[in-house]
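An overview of the molecular structure
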Amino acid sequence: KIMKRKYFISDNLKLSYLDNEQTKKSVIICMHGHFGNARYYSNILESKNYRVFSLDLRGHGFSEHSKEGNYRIIDFVNDFSAFMDNLIKNEKINNKITVIGHSLGGLIAYYAASVHSDITKIIIEDIGAVINDDNSFVEKIPDYTMTLRDLENSLRKIGINEPDYFLESAVEDEKGWKFRFDKNNMNKSQNDLSGNHWNILLKSTCPMLLFNGENSWVLSYEHALEIERKRPNTKTVIIKNAGHGVNFDSPDEFVKYVVEFLKS
């Protein structure tokens with residue numbers, strides 16, 4: 001099914017999102033992680049039981065890049081708040097809202113839940129309260145390659161042995177093949193995420209489902225269980241044979257747990 005692509009303005013940037021247009025249904029807002037785009041949650045968008053919106057975060061997908069390189073947590077959270085304002089004003093939606101986020105999107109989700117009381121459930125995909133990751137490899141990705149295969153090989157050369165997640169954001173123009181994401185600022189954005197976010201995570205108490213990939217290099221099993229212990233109304237699900245992108249690696253299992261959580 002072709003989803004409706006729409007736009008809104010935040011911080012003078014034209015930002016994009018997909019809408020499955022299932023009106024008069026409970027609302028889900030999805031946010032991808034670094035290097036991703038709105039279609040990462042295509043399996044959620046395809047639901048006929050929920051009104052699903054999936055955002056292209058600034059610097060990703062069809063959303064504009066920040067010329068000033070503004071990719072701090074506060075910038076992403078402000079964009080989310082602008083989207084919420086747009087939603088309530090134009091779509092007249094003010095009922096229960098669930099937010100789903102992967103990695104960077106998950107962090108934005110729990111930041112948003114700390115300030116938006118109309119968010120009643122959050123689903124966090126493989127990101128914790130303490131973050132220490134490195135995206136410096138992205139600076140080695142070429143601006144353009146002649147073919148899509150060359151673009152894939154450029155990822156393998158810098159140690160990305162499973163490049164499919166990245167290739168979902170590949171696009172061809174008159175110069176050749178490139179990525180939609182703002183590669184020159186992704187490491188800067190990651191560096192701003194690094195640190196301790198317990199104070200924000202614990203500000204909200206709405207029900208939270210935390211996914212952890214068994215083979216994740218971002219969120220450890222121990223830290224996932226620590227979050228479950230420390231934050232009220234939190235359930236952790238460990239997905240076997242999945243890495244950091246749980247929904248990418250195990251989409252059917254991901255959806256099964258999401259639906260159970262939404263119905264609970």
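Now for a look at the structure at hand. (Residues numbered from 1 in each chain as written. Predicted model: local features only at pLDDT ≥ 70, side-chain atom pairs only at ≥ 80, totals over all residues. Heavy atoms only, no water.)

**So, the overall build of the protein chain**
Each helix and strand in the protein chain was counted, giving ten helices and twelve strands. Taken over C-alpha atoms, the radius of gyration comes to 17 Å for the protein chain, in line with the 18 Å a tight globule of 264 residues would show. Viewed in the frame of its principal axes, the protein chain has a C-alpha envelope of about 50 × 40 × 35 Å. The buried share of the protein chain, reckoned over its 264 residues, is 56%. For the protein chain, long-range pairs separated by at least 24 residues make up 72% of all intrachain contacts whose partners lie at least 6 apart in sequence. Positive and negative charge centroids in the protein chain, built from 34 and 36 side chains respectively, lie 6 Å apart. (Helix = DSSP H or I, 4+ residues; strand = E, 2+ residues; numbered from the N terminus. Rg over C-alpha atoms; globule rule 2.2 N^0.38 Å. Buried < 20%, exposed > 50% of the residue type's maximum accessible area, 1.4 Å probe, protein only. Contact = heavy atoms within 4.5 Å. Lys, Arg positive; Asp, Glu negative; His and termini not counted. Charge placed at Lys NZ, Arg CZ, Asp CG, Glu CD.)

**Things to note about a negative patch on the surface**
On the surface, Glu162, Asp164, Glu168 and Asp249 cluster together to form a negatively charged patch. Following the sequence through the fold, Glu168 ends up in the loop between α5 (164-167) and β8 (170-173). (Patch = residues over 30% accessible without salt bridge, like charges linked within 9 Å, V, L, I, M, F, W, Y side chains within 5 Å. Areas by Shrake-Rupley, 256 points an atom, 1.4 Å probe, with all protein chains shown as cover. Salt bridge = Lys/Arg side-chain N within 4 Å of Asp/Glu carboxyl O.)

**Remarks on the side chain of Thr236**
Here Thr236 shows up in strand β12 (residues 234-239). A polar contact of 3.1 Å, which involves the side chain of Thr236, links it to the backbone oxygen of Ala224. When sequence neighbours within four positions are dropped, the list of residues in contact with Thr236 reads Leu210, Ala224, Leu225 and Glu228. (Polar contact = N/O pair within 3.5 Å; in protein donor to acceptor, adjacent residues only side chain to side chain.)

**Some thoughts on the pattern of salt bridges**
The tally for this structure, following the rule as stated, stands at eleven salt bridges. Taking the shortest distance from any N to any O, the salt bridge between Lys178 and Asp173 comes out at 3.8 Å. Bridged by salt links that share partners, the residues Lys6, Asp19, Glu21 and Arg51 form one connected network.

**Regarding the packing of helix α2 (residues 73-91) against helix α3 (residues 104-113)**
Any two packed helices are characterised by the angle at which their axes cross and by the distance between the axes. Put simply, α2 and α3 touch, their axes get as near as 10 Å, and they point 65° apart. When the axis of α2 is compared with that of α3, the two are roughly perpendicular. In this structure, α2 meets α3 at a crossing whose hand is right-handed. Residues Ile73, Phe76, Val77 and Phe80 of α2 form the contact with α3, whose participating residues are Leu104, Leu107, Ile108, Tyr111 and Ala112. A breakdown of the residues in the contact of α2 with α3 according to their chemical character gives nine nonpolar, no polar and no charged. (Axes fitted to C-alpha atoms, helices over the stretch in contact; angles between N-to-C directions. Parallel < 35°, antiparallel > 145°, perpendicular 65-115°, else oblique. Left-handed = near helix turned anticlockwise from the far one by under 90°. Nonpolar A, V, L, I, M, F, W, Y, C, P; charged D, E, K, R; others polar.)

**Comments concerning the nonpolar core**
Counting 46 residues, the largest nonpolar core has Ile29, Phe80, Val99, Tyr110 and Ile122 as its most contacted members. Other than its neighbours up to four places away in sequence, Phe80 contacts Ile29, Met31, Val99, Ile108, Ala112, His116 and Ile119. (Core = buried A, V, L, I, M, F, W, Y, C linked by side-chain atoms within 4.5 Å.)

**Some thoughts on the environment of Ala224**
Topologically, Ala224 is positioned in helix α8 (residues 221-230). With near-sequence residues (within four places) excluded, Ala224 lies in contact with Leu210, Asn212, Leu219 and Thr236.

**Focus: the packing of aromatic side chains**
All told, the structure shown has 19 aromatic pairs when counted by the stated rule. Between Tyr110 and Tyr111, the aromatic rings sit 6.0 Å apart at their centres with planes inclined by 25°, giving stacked as the arrangement. Accessibility assignment for this pair places Tyr110 and Tyr111 in one class, buried. Taking the centre distance of 4.8 Å and the plane angle of 15° together, the rings of Phe179 and Phe181 count as stacked. The two residues Phe179 and Phe181 agree in class, both being buried. These aromatic residues form a ring-pair network of at least three members: Phe35, Tyr40, Tyr41, Phe137, Tyr165, Phe166, Phe179, Phe181, Phe211, Phe248, Phe254 and Tyr257. (Phe/Tyr/Trp six-rings, centres within 6.5 Å; stacked < 30°, edge-to-face > 60°.)

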